[in-house]
Amino acid sequence: MCGIVGLFLKDRSLEPQLGALLSEMLITMTDRGPDSAGIAIYGSPQSGRAKVTIQSASPKADFDGLDRDLEKAGVPAAVKVKSTHAVIEVDSHRLDDVRLVLSEIRPNVRIMGSGDSVEIYKETGLPKDVVSRFDVRAMSGSHGIGHTRMATESAVTTLGAHPFSTGADQCLVHNGSLSNHNNLRRELVREGMSFGTQNDSEVAAAYLTAKMADGSDLGEALKSALEDLDGFFTFVVGTKSGFGVVRDPIACKPAVMAETDQYVAFGSEYRALVNLPGIENAKVWEPEPATVYFWEH
């Protein structure tokens, strides 16, 4: 049992409130997932710049002087530290260089996600503590997704927490369990994908990444998932400009959505949505089984 939330803003005037709104939604799902929590925020991209979010079990050792060491390695970057995470900002064409240099100068850091706009923060602990640790309430953006985890098949670790990101500006949160993830993992590895965990949700994220790399948009990739993924699942997925939801054909995992002129929201339960502005006038519904819901800026 896990908790999922998502918020896609249509009204740009709400963007400064995204972090605060999404944080409260996440905290209401604490009893669905007290082991760990994570959140992805899509902020306004800066022309010609990209970000890499990294995590360290020894942040002082890994983050102190990181900007200086990147400069020495020929990759000038700005580094913003938030507790156990840091966001590295570089010129967009140097994104792959950052990954390569980090593997050499900071081999123990773990990449949480990268792209033009996304920042991903996840850790073990209660959602309220994770939100406070990374000052998520102060963040602004156009859309975001979050997850509270109750581990059932794997250890409680930072890498096991959601969201999972396997492509630029793409991430996924999942409630459920996939039965064919091992076969899919082998197929995706043959196609060149790499994995950091044994978690089935990372396989789902990588599957969507592979589909979109082949030319599908998010909506098309989610439709393909209904044919190729076996098991019980509710996915909420973010891309640089999009927000998608899909449930498996049985749809035994709870889900509720709301839409107004200002936003589209998702929660594992309605109580995640009750404090959103104008919720009393929203269209509220349970997403249908085997049906893709997809919005894009």
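Everything here concerns the structure above.
Novice: What am I meant to see in the sheet that holds strand 14 (residues 263-267) here?
Specialist: Working definition: the strands of a sheet are paired by backbone hydrogen bonds and lie parallel or antiparallel to each other. The seven strands are arranged 7-2-8-1-14-13-15 in an open sheet whose pairing can be described as antiparallel. A strand with exactly one partner marks an edge of an open sheet, and here the two such strands are strand 7 (118-124) and strand 15 (283-285). Adjacent strand axes in the sheet meet at a mean angle of 10° when their direction is disregarded. In the packing of helix 1 (residues 18-27) onto the sheet, contacts are made with strand 1 (3-9), strand 2 (36-42), strand 8 (143-149) and strand 14, and the angle to strand 1 comes to roughly 160°.

Novice: Mind showing me how you'd approach the packing of aromatic side chains here?
Specialist: Geometrically, a pair of aromatic rings is defined through the distance of the ring centres and the angle of the planes. Scanning the model with the defined rule gives six aromatic pairs in all. Among the aromatic residues, ring-to-ring pairing joins Phe8, Phe243, Trp285, Tyr293 and Trp295 into one connected group. When the ring centre of Phe164 is taken as reference, the NZ or CZ atom of Lys122 above it lies at 4.4 Å. Sitting over the face of the ring of Trp285, Lys283 holds its NZ or CZ atom 4.6 Å from the ring centroid.

Novice: Looking at this model, I keep getting lost on the sheet that holds strand 3 (residues 49-55). Mind explaining?
Specialist: Reading across from one edge, 4-5-3-6 is the order of the four strands in this open sheet, with antiparallel pairing throughout. Lying at the two open borders of the sheet, with one neighbouring strand each, are strand 4 (78-82) and strand 6 (110-115). Across the sheet, the mean angle from the axis of one strand to that of its neighbour is 20°, orientation sign disregarded. Relative to strand 5 (residues 85-91), strand 4 runs antiparallel, the two sharing five bridges. By the bridge assignment, Ala78 is partnered in strand 5 with Glu89.

Criteria and thresholds
Residues numbered from 1 in each chain as written. Predicted model: local features only at pLDDT ≥ 70, side-chain atom pairs only at ≥ 80, totals over all residues. Heavy atoms only, no water. Pairing = 2+ DSSP bridges. Helix = DSSP H or I, 4+ residues; strand = E, 2+ residues; numbered from the N terminus. Axes fitted to C-alpha atoms, helices over the stretch in contact; angles between N-to-C directions. Contact = heavy atoms within 4.5 Å. Phe/Tyr/Trp six-rings, centres within 6.5 Å; stacked < 30°, edge-to-face > 60°. Lys NZ or Arg CZ within 6 Å of the ring centre and 35° of its normal.

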